[in-house]
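# Coordinates in review
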Amino acid sequence: MHIAFTASECVPFSKTGGLADVVGALPRALAALGHQVSVYIPRYRQTKLTDPQTVVRSITVPFDDKYRFCSVVTAGPSAGVKFYFVDYPPYFDRDALYGTTAGDYPDNAERFALFSRAVLEASKVLGVPHVFHCHDWQSALVPVMLRTLYAEDPAFREVATVFTIHNMGYQGLFPPDTLPLLMLPWDLLTISKMEFFGQVNFLKGALVYSDYVTTVSKKYSQEIQTTEYGFGLEGVLRTRAATVAGILNGVDYDEWNPQTDKFIAAKYSPQDLSGKLKCKQDLLQAFGITNVDTKVPVIGIVSRFAAQKGFDLIAQIMDRLAHEEMIMVVLGSGDKLYEEMFQRLNKQFPNKIAAKVAFDNAIAHKIEAGADMFLMPSRYEPCGLNQIYSLKYGTVPIVRATGGLDDTIEPWDARTGKGTGFKFSDYNGEALLTTIKHALLAYQDPSSWQTLMRNGMSRDFSWGASAREYGKVYERARQVRASADAVAAADLKKEPVLG
Ligand code: ADP
C-alpha cells in the first residue's frame, strides 16, 4: 500500500515535540513491513538538506487575496521512505516553526492551508497514495479539502484519509473569514462541520472528514471522549467512536539506547550498569553541580514548558521537596512562567536544583542516561515519549496515571519485584510529593532498585507492533471510504431526472 504522511515536523529535519519523533520513525517501520511511504513536510529555515532536488517546480495555490506559487524538493536519508519538502520561503523561512515568545504567527492558517493544498497538488505529480495519513491541526485541511474542493477530482476518487491526534489541546482556531480567504466554502461554518464557538476549528474539520481517526495511546483515545480531556470536541469524537482507535507510539531505539547513544559519557546495558555512574557524573558537571555525593538520587525533567506538563504541581511542592535528599536537573523551554520559576528555584537552591532553558537534544540524552529518576506529572499526556526513553535507560519514571503515561508504566511493587515506575492519580501537589518520597525511599535499597531499573530496561516499545496496527487501520479506512463511495453512487442513481 502507498501511504503519504503529511505533518508539520519530522526528525531529523524539524522538531518541537514528540510529533517529530513519530513522523521520523513510523514511516520507516511501515516501509520495513513492505509499504510504500512518502512523507510531506514544510521546508523550514531549520531544515538542513544535503543536495536538495526540485521535483515539482511550481504549484499554484489560490487564495482569495492572491495566488501563491510554491515548489517541492526532495532530499535526505531515505531508508525506503521518500521525503518531500514543501518550499515556500515567505511562510517557512522563519525563526521558528509556529511562532515566537510573542505568540503564534498571525498567518498560521494560510501557512498550513498552503502546505495542505500543495501536498494534494504535488501528489498528482509524485504519486497519489492509497491513504493520506495526516497529523494534528497543521495538516487537518488535507481531509477537509479532499471532501470539499477536491470532491469531484477523479485523481482522488479512491483515496482514504487517516488522521492522528497527537494533542487535543492544539486545535487551530481561526476567525470565520479565514474560510473565504482560503477559498473554502462558507457552509463549513456550521456546527456539524468546522464551526466551534463562532470560530473555524481545523482539528474539528479533520475529525469530521477523515475516514479513520487515531490517537497515540488507548487510554488517551478514551479520555478525549470525556469532558475533562476533550477540549470541547468530545462530542464529535463520541459520534464516531466506531472509527476511532488508540495506537501507542513506539520509540526509535536506534536513537534512544544506552548501549549505542553517542551523546552520553559511557555506554551501559542491563547486564553491565556500571557506565551509568559516569553518565551521572557527566550530567552533574554539565549542570554545574559540584562536590555532591553521587549516591544522592538525581531526578531529571526534559519537557516543553507548558501548563499541560504539570509544572503547577511542581511549583506547589518544590520548597518541601528541596529539603529531601535529592538533586533535580531540568531541561525545557516554552512558557516564560515556568522558565522563570526554574531559574528562581535554581538561585534559591543552588547545587540542588539546576535548570537549563533550551531545546538541546544532546542534553536531553544526557539526562535520560545520567538521572536516576524521570519526572512527568502531566495534567494530560497523549502518549509521552520521555518516560519510554527513560525505561530503556534504567531511569525510573515517576508519572501521573494519565494517557500514555498510564499505559506504559506499571507500578513498582517491592514485595513481588514487579513493575517499572511510580504513578499517582489525583492531580494535586500532595499526591505528587507522596509519590516522589516513595520513590526516594525505594532508591535507598540498591539491590531492589536495580531490579526495578532492569524491569524497565527489558520492556520493548519498538515500532514494529504499532506499525502493524496502523497497517490494519489503513485497510479499515479504505473500507470506510469504499462504502461511503458506494452510498454516494447509489444516492446519485436515486436523483430524479429533470425535464
Ligand atoms: P510533547 O510532544 O508533548 O512535547 P513527548 O514526550 O511526546 O511530549 O515528546 C517530547 C519530545 O521532545 C521528546 O523527544 C523530548 O526529548 C523532546 N524535548 C522536549 N523538550 C526538549 C528540550 N528542551 N530539549 C530537547 N528535547 C526536548
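Residues numbered from 1 in each chain as written. Predicted model: local features only at pLDDT ≥ 70, side-chain atom pairs only at ≥ 80, totals over all residues. Heavy atoms only, no water.

### Some thoughts on the pattern of salt bridges
Our working definition: Note on definitions: salt bridges are taken to be side-chain nitrogens of Lys or Arg within 4 Å of carboxyl oxygens of Asp or Glu. Each helix is a run of H or I in the DSSP string that is no shorter than four residues. Each strand is a run of E no shorter than two, and both are numbered from the N terminus. Relative accessibility thresholds used throughout: buried, under 20% of the residue-type maximum; exposed, over 50%; partly exposed, between the two (1.4 Å probe, protein chains only).
Considering all chains together, one arrives at 24 salt bridges under this definition. The closest approach of N and O atoms between K280 and D372, which form a salt bridge, is 2.7 Å. One end of the pair, K280, is in helix α9 (residues 275–286); the other, D372, is in the loop between α12 (361–370) and β18 (373–376), and 92 residues separate them in sequence. Residue classification places K280 among the buried residues on the basis of a relative accessible area of 4%.

### Here's the deal with the side chain of D87
Rules: Only heavy atoms matter for contacts: two residues are in contact if any of them lie within 4.5 Å across the pair.
Locating D87 in the fold gives a position in strand β5 (residues 81–87). Excluding residues that lie within four positions of it along the chain, D87 makes contacts with R43, C70, S71 and V73.

### Overview of the nonpolar core
Spelled out, the test is: We define a nonpolar core as any set of buried Ala, Val, Leu, Ile, Met, Phe, Trp, Tyr and Cys residues linked to one another through side-chain atoms lying within 4.5 Å.
Core analysis: the largest hydrophobic core is formed by 75 residues, its most contacted members being M328 and I367. Not counting the four nearest positions on each side in its chain, I367 is found in contact with L283, F287, G300, I301, V302, V329, L331 and F374. Grouped together as the second largest cluster of nonpolar side chains are 62 residues, L114, C134, A140 and M168 included.

### Observations regarding helix α1 (residues 18–32)
Using the following cut-off: A helix is expected to reach a length of 1.5 Å times the quantity of its residues less one.
Here α1 contains 15 residues, and its C-alpha end-to-end distance of 22 Å stays within 8% of the 21 Å for a straight helix at 1.5 Å per residue. A large share of α1 lies buried, amounting to 12 of its 15 residues. Of the positions making up α1, those classed as buried are L19, A20, D21, V22, V23, G24, A25, L26, P27, A29, L30 and A31. Buried-residue contacts for α1 involve β1 (2–6), β2 (36–42), β5, β8 (131–135), α13 (386–392) and α17 (464–494). Count one or two residues on from α1 and you reach G34, which has phi positive near 105°.

### Quick look at the sheet that holds strand β19 (residues 396–400)
Applicable threshold: The pairing criterion is simple: DSSP has to find at least two bridges between the two strands. All axes here are fitted lines through C-alpha atoms, helices being fitted over the stretch that makes contact, and every angle between N-to-C directions spans 0 to 180 degrees.
With parallel pairing, six strands are arranged side by side in an open sheet as β17-β16-β15-β18-β19-β20. The strands lining the two open edges of the sheet, one partner per strand, are β17 (353–357) and β20 (422–424). Neighbour-to-neighbour, the strand axes of the sheet open up by a mean angle of 15°, direction not taken into account. In the sheet, strand β16 (residues 327–334) pairs with β17 via five bridges, with the strands oriented parallel. Counted as the bridge partner of V330 is A355 from β17. Docked against the sheet, helix α10 (residues 311–321) engages β15 (298–305), β16, β17, β18 and β20, running at close to 150° with respect to β15. Along the sheet face, helix α16 (residues 446–457) touches β18, β19 and β20 and points at about 75° away from the line of β19.

### So, the domain arrangement of the protein chain
Inclusion rule: A domain assignment, automatic or from a database, supplies the domain bounds used here. Here the quantity called buried area is the total loss of accessible area, with a 1.4 Å probe, experienced by two parts when brought into contact, counted for both. Pairs of N or O atoms within 3.5 Å make up the polar contacts considered here, provided that, within protein, one atom can donate a hydrogen while the other can accept it, and that residues adjacent in sequence are counted only when both atoms are side-chain atoms.
We note that the domain assignment places domain 1 (2–250 + 465–487) and domain 2 (275–457) within the protein chain. Taking the mean C-alpha position of each, domain 1 and domain 2 sit 33 Å from one another. Taken residue by residue, the interface counts 20 residues in domain 1 and 21 residues in domain 2. Between domain 1 and domain 2, roughly 1500 Å² of surface is buried when both sides are summed, and carbon and sulfur atoms account for 56% of that area. Looking at the side of domain 1 facing domain 2, the largest losses of area belong to K219, Y229 and L248, adding up to 28% of the total buried there. On inspection of domain 1 and its partner domain 2, the count reaches one salt bridge. Linking domain 1 to domain 2 there are 11 residue pairs in polar contact (both at pLDDT 80 or more). Of all the secondary structure elements, the ones that give two or more residues to the side of domain 1 that touches domain 2 are α1 and α7 (218–223). The element that contributes the greatest number of residues to the side of domain 1 that touches domain 2 is α7, accounting for four residues.

### Re the sheet that holds strand β10 (residues 173–174)
Taken together, the three strands give an open sheet; going across it, the order is β10-β12-β11, and neighbouring strands pair in antiparallel fashion. A strand with exactly one partner marks an edge of an open sheet, and here the two such strands are β10 and β11 (195–196). Pairing of β11 with strand β12 (residues 199–201), which is carried by two bridges, proceeds in the antiparallel orientation. Within the sheet, the bridge partner assigned to F196 lies in β12 and is Q199.

### Some words on the environment of T178
Mapped onto the elements, T178 comes out in helix α5 (residues 178–181). Here T178 falls in the buried class, since its relative accessible area comes to 7%.

### Some words on the pairing of β15
The buried fraction of β15 amounts to seven of the eight residues, a majority that puts the element mostly inside the structure. Bridge count for β15 against β16 is eight bridges, and the pairing is parallel. Its bridge partner lying in β16, R304 is registered against S333. The sheet contact formed by β15 and β18 spans two bridges and is parallel. Residue pairing in the sheet places G300 in a bridge with F374 of β18.

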